[in-house]
Amino acid sequence: MMVSGFQEEDLVVRQQEKLLQYVRQVRFEANLQEEIYFDDNGYTPPLFDVINWKMNAKGSVSFIKVGTFNTSAPRGQDLFIDSSAILWKSDDQKPTRSVCSESCSPGNRKFERQGEPACCFDCLSCSVGEIANQSDSTECIKCPDDQWPNLRQDKCLPKKVEFLTFSEPLGTLLASVAVTGSLLPFTILLIFIKHQDTPIVKANHRALSYALLVALAVCFLCSLMFIGRPSVWTCRLRQAAFGTVFTFSLSCMLAKTIVVVFAFKATKPNSQLRRYVGPKLPNCVVFFSTLLQVMVCTSWLASWPPFPEKNMTSQLGKIIIECNEGSTKAFWCMLGYMCLLAGISFVIAFLARNLPDSFNEAKHITFSMLVCGSVWISFIPAYLSIWGKHMVAVEIFAILASCTGLVMCMFVPKCYIILLRPDMNTKEYLLGSKTNKKR
């Protein structure tokens, strides 16, 4: 009876499977204490020897077994290396690195070298404001806006908050100068009140002098609102308060200048200016000049009020707490109007500087306006070129310097005469000083 080819093949397969069942059950230990068995496919798990090539003094190569790799062993125990038996190429017998590039530490990122294997790379520092908090990072992480990397650039830390405080040396110095400076006009005011009936106090509108001294004292104190952590109310009030009070001071200076000119011109025969000599003219000048600035500041606060904000971009690693002026146009309009008043006062006083000595207050006004104008003209480029607490310090310095210049140029010479030269504080001397000088 003949058996077809398919039947013969099927028979062989059945015999192989039957043999494989017996083979799977075979497990014994060889002479080298190696366990021999067969897997599900009938293969024996391979066992490899790790060989170290050693060259002796004669130049011949010997092969030394330094370890084994057993695929049948549990994971983690399959490789055995006797490191003491290995002969390394280096003289110090340290293992040779098998990588192309060293690992990148935190704070750096991997940059692969073009045309080389993936294990070959360079370690580049993270960019400004970024970190890498793991070894061998391929990308750097940008810190949040309110945080900044540490020196190692492996961690984001909260940014340092900065504003001009009373406790730091700069803030303490400016606050001390402001308080001390405010005492100077108050002291002069007391001297003027005590000697209010003397000719030098009465010579140029006594009431304007009093009002000007009080306004200058308040201007000194206004600078204190610029120090400390900005709040909604300090941001809104500090510029408007200073602008209004200092405009009032400049209006008093302008009124005093006009009084000097009108008083001299009114002495001429048939002068039409006699009707304007009196308290009404300077009061109107002060009122309307100040009113215009009040209108500017009121519209500013009503439409685009200043507000505190956190500036996170001006300085690296810092959050600057500052006042956003709301409308820069309104801010510069306020400063521009003050400069306009100072310029008008300077021009009128300069033209009236050669009037008789009894009205030589025009010379003092000229010098005071020159100092005030120089301070604020210098303030503009300095204010635009810096930021943060130093910008606030520059504005405070401009306020203190301009107020000090007005007090020193306008009133200190008069106090000198009142306290140290009473012989010059007489009506006869003021009206005939030129004659007295000739004698």
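Before reading further, recall that the structure is shown in the block above.
Reading guide: rules and limits
- Residues numbered from 1 in each chain as written.
- Predicted model: local features only at pLDDT ≥ 70, side-chain atom pairs only at ≥ 80, totals over all residues.
- Heavy atoms only, no water.
- Pairing = 2+ DSSP bridges.
- Helix = DSSP H or I, 4+ residues; strand = E, 2+ residues; numbered from the N terminus.
- Axes fitted to C-alpha atoms, helices over the stretch in contact; angles between N-to-C directions.
- 1 Å grid on protein atoms, 1.4 Å probe; cavity = no way out; pocket = protein on both sides within 12 Å on 5 of 7 lines; lining within 4 Å.
- Points joined across faces, edges and corners; volume = space filled by probe spheres on them.
- Nonpolar A, V, L, I, M, F, W, Y, C, P; charged D, E, K, R; others polar.
- Buried < 20%, exposed > 50% of the residue type's maximum accessible area, 1.4 Å probe, protein only.
- Arc of directions from axis to C-beta.
- Parallel < 35°, antiparallel > 145°, perpendicular 65-115°, else oblique.
- Left-handed = near helix turned anticlockwise from the far one by under 90°.
- Contact = heavy atoms within 4.5 Å.
- Phe/Tyr/Trp six-rings, centres within 6.5 Å; stacked < 30°, edge-to-face > 60°.

Peer 1: Let's hear about the sheet that holds strand β5 (residues 79-81): which residues, and what values?
Peer 2: Taken together, three strands build an open sheet; the order of strands is β3-β4-β5 and the sheet is antiparallel. Each having just a single partner strand, β3 (47-55) and β5 make up the two edges of the open sheet. For this sheet the average axis-to-axis angle between neighbouring strands, irrespective of direction, equals 30°. Of the strand pairs in this sheet, β3 and strand β4 (residues 61-70) are connected by nine bridges, and their pairing is antiparallel. Its bridge partner being in β4, Asn52 is matched across the sheet by Ile64.

Peer 1: So what about empty space enclosed by the protein? Which residues, and what values?
Peer 2: If a probe the size of a water molecule is rolled over the atoms, the empty space left behind becomes visible. Counted according to the given criterion, the structure contains one cavity of 30 Å³ or more. The volume enclosed by the largest cavity comes to roughly 140 Å³. In terms of lining residues, the largest cavity is bounded by 18 residues, among which Arg238, Glu322, Cys323, Gly388 and Val392 are the most central. Of all the elements in the fold, those that place two or more residues in the lining of the largest cavity are β14 (318-324) and α9 (389-410). Its residues assigned to classes, the lining of the largest cavity shows 10 nonpolar, two polar and six charged.

Peer 1: Describe helix α10 (residues 412-420), with residues and values.
Peer 2: Those residues of α10 not exposed but buried are Lys414, Cys415, Ile417 and Ile418. All buried residues of α10 fall inside an arc of 160° around its axis, so they share one side.

Peer 1: Can you lay out the packing of helix α2 (residues 169-194) against α10 for me, pointing to particular residues and giving the numbers?
Peer 2: It is at 11 Å that the axes of α2 and α10 come closest, and there the two elements cross at 50°. Here α2 lies oblique to α10, going by the angle between them. Crossing geometry of α2 relative to α10 is assigned as left-handed. On α10, the residues that touch Ile188, Ile191 and Phe192 of α2 are Lys414, Cys415, Ile418 and Leu419.

Peer 1: Would you mind going over the packing of aromatic side chains in detail, with residue names and values included?
Peer 2: The description of an aromatic ring pair uses the distance of the two centres, along with the angle that the planes make with each other. A complete count under the given rule lists 12 aromatic pairs for this structure. Ring geometry for Phe242 against Phe246: centres 5.3 Å apart, planes inclined by 25°, an arrangement best described as stacked. Highlighted residues: Phe242 and Phe246, both in helix α5 (residues 232-265), separated by four residues, approximately one helical turn. Phe242 sits in the buried class, given a relative accessible area of 0%. The exposure class assigned to Phe246 is buried, which follows from its relative accessible area of 1%. The interplanar angle of 40° and the centroid separation of 4.9 Å between the aromatic rings of Phe379 and Tyr383 together place this pair among those described as tilted. Placement of the pair is Phe379 and Tyr383 together in helix α8 (residues 361-385), with a separation of four residues, close to one helical turn.

Honestly, that's just the spatial picture; any functional story needs more than this.
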